[in-house]
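For reference, the chains in residue letters:
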Amino acid sequence: MVEKFKIQGGETLKGEVSIGGAKNSVLKLLAATILVKGCTKIYNVPELTDVSIMLNVLSDLGAKYDYNKAEKSVTIDATNITSITAKYELVSKMRASFTVLGALVSRCKEAIVALPGGCAIGERRVDFHIKGLETLGAKMKIENGYVHAKAPKLVGADIYLDIPSVGATENLMLAAVTAQGSTRIQNAAQEPEIVDLANFLNTIGADITGAGTSEIVINGVKLEQLHPAEYTTIPDRIEAGTFMAAVVATKGKALIKNIYPAHLTFFNDKLIQMGASIKLAEPTAIEVSCKNRLNSINFVTQPYPGFPTDLQAIAMTLLTTANGVGIITESLYENRFMQVPDLRRMGADIHQDRNHAIIKGVKHLSGANIAAPDLRAGAALVIAALMANGESIVEKLHHVDRGYECFEAKLRGLGAKITRFNDEDGVNVGVNNLKGVLNESRL
Ligand code: EPU
């Protein structure tokens, strides 16, 4: 069934919206439950296709799970891990599945995990993950597209990452949890999702300090010391930034609830520079509004706490109708300007040269038939359609469904004219078609 969004642009978004749990955190928390014998319960789990893929990976390894829709919780029972192999069919669907490597090595001393390969936004290598595990004493072999890690004894060590890679920091933290002695990850990623994983691991009995800084120290504990626990995922800062941008793009005013404003400092600052107003309304809510045409800005994407690459495409959409010329430099990925061709089709004036984009603000965008090329570029095009004159049809919604829970329902709650329909019979399919994604109980 081919589903599409029909969006009538030009509506001002107003009201309030509640942000869900962080996709990029919950996926790693789920992988980390492999370390625990017994039932671990995670709250604030968004209903996303990526979450369901991770649950399938865990289930394939022998863990059982139960998703409670009303509670937005998942209970994982990883008492019996019956396989050490994460299959290509699953890992190729979602790169984050590769995080089970560190967890399996910690728990089972051996893992066979499919290499995720490149993806549309860039090459996305995993060499730091592999080198880091070798430094901890694992024997690593790549064969038939799989990484085979054998680690009868992991010993803590100093690991320096060339780039503060989020995934490598996570995999190495997971592996080091049960290593003998202390591991120091230098030039570690500092994203809030890293802090969330460290907090979760400490909750189940690990000994980790320094998460959120560039040096993380993991003092190894015995596997038997790890125990079940309950834990709540942090809010999704990228979902929050997306809704803030949608409100600003349509000259609206809204309360963005259930967020940690400190996780969005850099993005907020850029929105303020563009002319938006951002007020802290409550400790976990901000009011965002915008009355006038935005001003152009320049920015470079950076690892946290710099400008998040995951909000780059969305910020580019804002620049398409801003006053003046804005320059974006994408420093993390080789191919993360996939929104550009469709933005141009909507009337944007964008010049792209390798990882630089120069955006000259035009008066307005006009609706068109467009297609989500990946998750964040897809969200950027939805925002472009909301701010455009006339109607747009957005295709390839499976990309958007990977990371935005009830996207159109939340936008409709703010007054957007957006419906999801099935192209074959034109029937409106209501809330996003994630029916059944997380309704299986396999506990
Ligand atoms: N890199 C290497 N070698 C490695 C690891 C990374 O060269 O061994 C390079 C990558 O190729 C990339 C850069 O380092 O150019 C950063 O990659 P990183 O490992 O930090 O990213 P990731 O862990 O693969 C996570 C998020 C991404 C987000 C990045 C950066 C998840 C599931 N994914 O990816 O989120 O863009 O961190 O913040 O956590 C998204 O949500 O749309 C998304 C792509």
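Structure shown above.
Keep in mind the model is a prediction, meaning the values are calculated, not measured.

Regarding the site of the ligand
The environment of the ligand is formed by 22 residues, the closest being K28, D127, S165, D310 and L332. L332 has a polar backbone atom sitting 2.6 Å from an oxygen atom of the ligand. Notes on the ligand: free accessible area 830 Å², of which the protein chains cover 88%. Looking at the shell around the ligand, the elements that each hand over two or more residues are α1 (23–32), α5 (127–135), α6 (166–176) and α12 (375–387). Residues that form the shell around the ligand fall into these classes: nine nonpolar, five polar and eight charged.

So, the layout of surface pockets
In this approach, a probe sized like a water molecule rolls over the atoms, and the result shows the empty space that is left. By volume, the second largest pocket is sized at about 230 Å³. Residue lining of the second largest pocket: 17 residues in total, with A249, T250, K251, T321 and M387 positioned closest to the centre. Class assignment for the residues of the lining of the second largest pocket results in seven nonpolar, six polar and four charged.

Topic: the environment of E47
Positionally, E47 belongs in the loop between β3 (39–43) and α2 (49–60). A C-alpha to C-alpha distance of 35 Å links E47 and I350, two positions 303 residues apart in sequence.

Here's the deal with the state of the cysteines
Counted by the stated rule, this structure contains zero disulfides. Here C108 stays unpaired: no disulfide links it, and the sulfur of C39, its closest cysteine neighbor, is 17 Å away. You can call C108 partly exposed: its relative accessible area is 26%.

Structural notes on the pairing of β3
When β3 meets strand β5 (residues 73–77), the two strands line up antiparallel, connected through four bridges. Directly across from T40, in β5, lies its bridge partner I76. Looking at chain direction, β3 and strand β14 (residues 230–232) are connected through three bridges and run parallel. Across the sheet, the residue bridging to Y43 is T232, located in β14.

Section: the packing of α1 against α2
At a closest axis distance of 10 Å, the pairing of α1 and α2 adopts a crossing angle of 10°. Our classification of the angle between α1 and α2 gives roughly parallel. Packed against α1, whose contacting residues are K23, V26, L27, L30 and A31, the element α2 presents D50, V51, M54, L55 and L58 at the interface. Residue composition of the contact of α1 with α2, grouped by class: eight nonpolar, no polar and two charged.

Focus on the pattern of salt bridges
This structure, assessed with the given rule, holds 23 salt bridges. Among the salt bridges present, the one from R402 reaches D50, with a minimum N-O distance of 2.9 Å. With R402 in the loop between α13 (397–401) and α14 (407–413) and D50 in helix α2, the pair connects residues that are 352 residues apart, well separated along the chain. D50 gets classed as buried once you look at its relative accessible area, which sits at 1%. Among the ionic pairs, E287 bridges to K279, the shortest N-O distance being 4.0 Å. Residue class for K279 comes out partly exposed when judged on its relative accessible area of 48%. It is possible to trace a salt-bridge network through shared partners that takes in E3, D401, E408 and R420.

Notes on the sheet that holds strand β7 (residues 110–114)
On the basis of which strands lie adjacent, the open sheet formed by four strands has the order β6-β7-β9-β8 and mixed pairing. The two strands at the open ends of the sheet, each matched to only one other strand, are β6 (85–86) and β8 (139–143). In this structure, β8 lies alongside strand β9 (residues 146–150), joined through five bridges in antiparallel fashion. What sits directly across from M140, in β9, is A149.

Considering a nonpolar patch on the surface
The grouping of V325, I327 and I358 at the surface amounts to a nonpolar patch, some 220 Å² of accessible area in total. Positionally, I327 belongs in strand β19 (residues 325–329). I327 sits in the partly exposed class, given a relative accessible area of 35%.

Observations regarding the packing of aromatic side chains
A full pass over the atoms with the stated rule returns six aromatic pairs. Where F243 meets F407, the ring centres are 5.7 Å apart and the plane angle is 85°; that geometry is what we call edge-to-face. Taken together, the residues F243 in helix α8 (residues 237–249) and F407 in helix α14 connect sequence positions 164 residues apart. Of the residues examined, F407 reaches a relative accessible area of 1% and is grouped as buried. Judged by centre distance (6.3 Å) and plane angle (85°), the ring pair of F266 and F307 falls under edge-to-face. On the criterion of sequence distance, the pair formed by F266 in helix α9 (residues 265–274) and F307 in the loop between β18 (299–300) and α10 (312–319) is long-range, its members being 41 residues apart. We classify F266 as partly exposed; its relative accessible area is 35%. On the basis of relative accessibility, which here comes to 0%, the residue F307 falls in the buried class. Among the aromatic residues, those joined into a cluster by ring pairs are F266, F267, F299 and F307. Across the ring face of F421, the terminal group of K6 is positioned such that the distance to the ring centre comes to 5.6 Å.

Here we look at the side chain of T40
For T40, the location among the structural elements is in strand β3. The exposure class of T40 is buried, given its relative accessible area of 0%. Apart from residues lying up to four places away in sequence, T40 is in contact with T33, V74, T75, I76, F200, P228 and A229.

A word on the side chain of R376
If you trace the backbone, R376 turns up in helix α12. Although R376 is buried, it makes no salt bridge; D310 carries the closest opposite charge, 4.5 Å away. Apart from residues no more than four positions distant in its own chain, R376 is found in contact with K23, N24, I238, D310, A313, I314, R336 and Y404.

About the criteria used
Residues numbered from 1 in each chain as written. Predicted model: local features only at pLDDT ≥ 70, side-chain atom pairs only at ≥ 80, totals over all residues. Heavy atoms only, no water. Near = heavy atom within 4 Å. Polar contact = N/O pair within 3.5 Å; in protein donor to acceptor, adjacent residues only side chain to side chain. Areas by Shrake-Rupley, 256 points an atom, 1.4 Å probe, with all protein chains shown as cover. Helix = DSSP H or I, 4+ residues; strand = E, 2+ residues; numbered from the N terminus. Nonpolar A, V, L, I, M, F, W, Y, C, P; charged D, E, K, R; others polar. 1 Å grid on protein atoms, 1.4 Å probe; cavity = no way out; pocket = protein on both sides within 12 Å on 5 of 7 lines; lining within 4 Å. Points joined across faces, edges and corners; volume = space filled by probe spheres on them. Disulfide = S-S within 2.5 Å. Buried < 20%, exposed > 50% of the residue type's maximum accessible area, 1.4 Å probe, protein only. Pairing = 2+ DSSP bridges. Axes fitted to C-alpha atoms, helices over the stretch in contact; angles between N-to-C directions. Parallel < 35°, antiparallel > 145°, perpendicular 65-115°, else oblique. Contact = heavy atoms within 4.5 Å. Salt bridge = Lys/Arg side-chain N within 4 Å of Asp/Glu carboxyl O. Patch = residues over 30% accessible without salt bridge, like charges linked within 9 Å, V, L, I, M, F, W, Y side chains within 5 Å. Phe/Tyr/Trp six-rings, centres within 6.5 Å; stacked < 30°, edge-to-face > 60°. Lys NZ or Arg CZ within 6 Å of the ring centre and 35° of its normal. Lys, Arg positive; Asp, Glu negative; His and termini not counted.

The values are spatial; any link to function lies outside them.
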